[in-house]
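An overview of the molecular structure
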Amino acid sequence: MTEIWLLELAKGIGRIFLHPLLYFSMILAVIAGVLRVKRERGDFNVRVHSFLYELKNLFPAGIVAGLILSIISVSIGLTIPLIFIAAIAVISIILGSIGNARLLSPALIVGLALLVAFTANYFELRMPYFENTIESNYFIGVAILLGILILTEGILMLKNGLKDISPKLRTSSRGLTVGALQTKRLWMLPIFVFLPAGPLTVPFDWWPVIDWGTKSYSLMLVPFIIGFQQQIQSSLPEKAVTRLARQTIGLGVIVIFLSGLSFLDFPFSEFLPAAVGLIAILGRLWISYRHRVREGNTLYYFTPQNNGIMILDVLPGSPADKMGLKTGEIIQICNNINVRNKQDLFESLLKNRAYCKLEVLDTNGEKRFVQRALYEGDHHELGILFVEKRMKHGADRAV
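Notes on the structure in this doc start here. (Residues numbered from 1 in each chain as written. Predicted model: local features only at pLDDT ≥ 70, side-chain atom pairs only at ≥ 80, totals over all residues. Heavy atoms only, no water.)

1. Quick look at the overall build of the protein chain
- The secondary structure content of the protein chain amounts to 11 helices and nine strands.
- C-alpha atoms of the protein chain, sized along the principal axes, occupy 80 × 45 × 35 Å.
- A buried classification covers 52% of the 399 residues belonging to the protein chain.
- Long-range contacts, defined here as pairs at least 24 residues apart, represent 71% of the contacts in the protein chain between residues at least 6 apart.
- About 19400 Å² of surface is accessible on the protein chain, with carbon and sulfur atoms providing 62% of the total.
- Taking the average location of the 39 positive side-chain charges in the protein chain and that of its 29 negative ones, the two points are 8 Å from each other. (Helix = DSSP H or I, 4+ residues; strand = E, 2+ residues; numbered from the N terminus. Buried < 20%, exposed > 50% of the residue type's maximum accessible area, 1.4 Å probe, protein only. Contact = heavy atoms within 4.5 Å. Areas by Shrake-Rupley, 256 points an atom, 1.4 Å probe, with all protein chains shown as cover. Lys, Arg positive; Asp, Glu negative; His and termini not counted. Charge placed at Lys NZ, Arg CZ, Asp CG, Glu CD.)

2. A look at the sheet that holds strand β2 (residues 177-201)
- Pairing is antiparallel across the open sheet formed by three strands, whose spatial order is β1-β2-β3. Since the sheet does not close on itself, it has two edges, and those belong to β1 (165-171) and β3 (216-232), each with one partner. For this sheet the average axis-to-axis angle between neighbouring strands, irrespective of direction, equals 25°.
- Sheet topology places β1 next to β2; seven bridges connect them, and they run antiparallel. When the sheet's bridge partners are listed, Arg170 is paired in β2 with Val178. (Pairing = 2+ DSSP bridges. Axes fitted to C-alpha atoms, helices over the stretch in contact; angles between N-to-C directions.)

3. Here we look at the packing of aromatic side chains
- By the definition in use, this model includes 14 aromatic pairs.
- Note on Phe84 and Phe139: the rings are 5.5 Å apart at their centroids and 90° apart in plane angle, and the pair reads as edge-to-face. One end of the pair, Phe84, is in helix α5 (residues 82-98); the other, Phe139, is in helix α7 (residues 136-160), with 55 residues separating them in the sequence.
- Among the residues examined, Phe84 registers a relative accessible area of 1% and is labelled buried.
- A centroid spacing of 5.2 Å and a plane angle of 70° characterise the contact between Phe194 and Trp207, whose relative ring orientation is edge-to-face. Of this pair, Phe194 sits in strand β2 while Trp207 sits in the loop between β2 and β3, and the two are 13 residues apart along the sequence.
- Overall, Phe194 belongs to the buried group, its relative accessible area being 0%.
- Looking at Trp207, the relative accessible area reads 6%, which means it is buried.
- Ring pairing ties together the aromatic residues Phe84, Phe118, Tyr122, Phe123, Phe139, Phe268 and Phe271, which thus form one cluster. (Phe/Tyr/Trp six-rings, centres within 6.5 Å; stacked < 30°, edge-to-face > 60°.)

4. A look at the packing of α7 against helix α8 (residues 237-261)
- The N-to-C vectors of α7 and α8 enclose an angle of 165°; their axes lie 8 Å apart at closest approach. On the basis of their axis angle, the class for α7 and α8 is roughly antiparallel. Relative to α8, α7 is oriented so that their crossing is left-handed.
- Class assignment of the residues belonging to the contact of α7 with α8 gives a composition of 18 nonpolar, six polar and one charged. (Parallel < 35°, antiparallel > 145°, perpendicular 65-115°, else oblique. Left-handed = near helix turned anticlockwise from the far one by under 90°. Nonpolar A, V, L, I, M, F, W, Y, C, P; charged D, E, K, R; others polar.)

5. Comments concerning the nonpolar core
- In this structure, Ile80, Phe84, Leu149, Leu186, Leu189 and Phe224 are the most contacted members of the largest nonpolar core, which totals 69 residues.
- Of all the elements, α7 adds the most residues to this core, at 13 residues.
- In this structure, Ile309, Leu325, Val370 and Phe386 belong to the second largest nonpolar core, which totals 19 residues. (Core = buried A, V, L, I, M, F, W, Y, C linked by side-chain atoms within 4.5 Å.)

6. Notes on the pairing of β2
- Along β2, 20 of the 25 residues are buried, which leaves the element largely enclosed by surrounding structure.
- The turn linking β1 back onto β2 is made up of five residues, and Gly175 within it adopts a positive phi angle of 85°.
- Sheet topology places β2 next to β3; 17 bridges connect them, and they run antiparallel. Across the sheet, residue Gln182 finds its bridge partner in β3, namely Gln231.

7. With respect to a nonpolar patch on the surface
- Side chains of Leu6, Leu9, Ile13, Phe17 and Tyr23 sit close together on the surface and give an oily, nonpolar patch of about 470 Å² of accessible area.
- Top element by residues in the nonpolar patch is helix α1 (residues 2-15). It accounts for three residues.
- Note on placement: Ile13 falls in helix α1. (Patch = residues over 30% accessible without salt bridge, like charges linked within 9 Å, V, L, I, M, F, W, Y side chains within 5 Å. Salt bridge = Lys/Arg side-chain N within 4 Å of Asp/Glu carboxyl O.)

Okay, structure coming up:
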């Protein structure tokens, strides 16, 4: 028995390398990095991270989350028919090809797969490779998976969503140059699930926790891609991302709760998994819509200031980064010279090429002083990206 399980575990791990979504997610991450660098260079003549940054961050947090979810999945014996796994992969590739990581929310991907499969199964529609006799328990399993993935999406946003924020410049409706921050993250989660046929048999009397209606199983490590993308222009990114994450976590809890009700026997209970999928889709779209409305109805946060220079972003490893300067802070004095624009800051830095002392107004409205020696091997500029009035050729630069 143990040998069979170990052999199936090895086969399950190997199956992930046959899954096209694994390679598609890597290509998607590279393309996202290339487009980001192109935009940043167009706005600031400098990139914040290399074009491989998204690829480097595709797996670490996702593998940790996938390991936790795999433990949960194997413990309850979560069983998903292959048709659902294929549908989720196809929808992921279609939505991912559009280029907006926001569409890679599990609420949309798994929710759409659930609705399509349920509709085809209920109306006995003939579709290629589609089985018209999917047991109702499998729809409940997918609904539970949907809720767990949405909950995981919110947690990843809360813990990891601020690690890849890219600055950008925009032109307001009044023709003014304003700054914005775009958070765009891709996570690849490898999760073990069971297929409802194979060499594995029930090892314990209490397993699986949920009776999926099958007596044999096979194990598969399935890659799930989760995307998160929002533009933030009316507040500091921490506030906006935290709000979005908490709303997404709340949606995940609701979906899991409703999925659990599917096990109860009441009128029309067989339609509850499909209703859960629809609720997940509409709920996630509503969260994104409310964010866009809030951003559109609120004054821009990153704008040219009369009392100094507001920091839009800081280049990693630059002197500004080592001095602890942060997004949203306002530089008022540099080397005892009041600064109001890029030229003032440049002239104040020339006053003392070996040392930099700044008076900064932090995001709480309190003044603080930072200073640092400037060395020959340092970044040739402070590494500050900020917003100022756009000149004739429209180039706001890094200092």
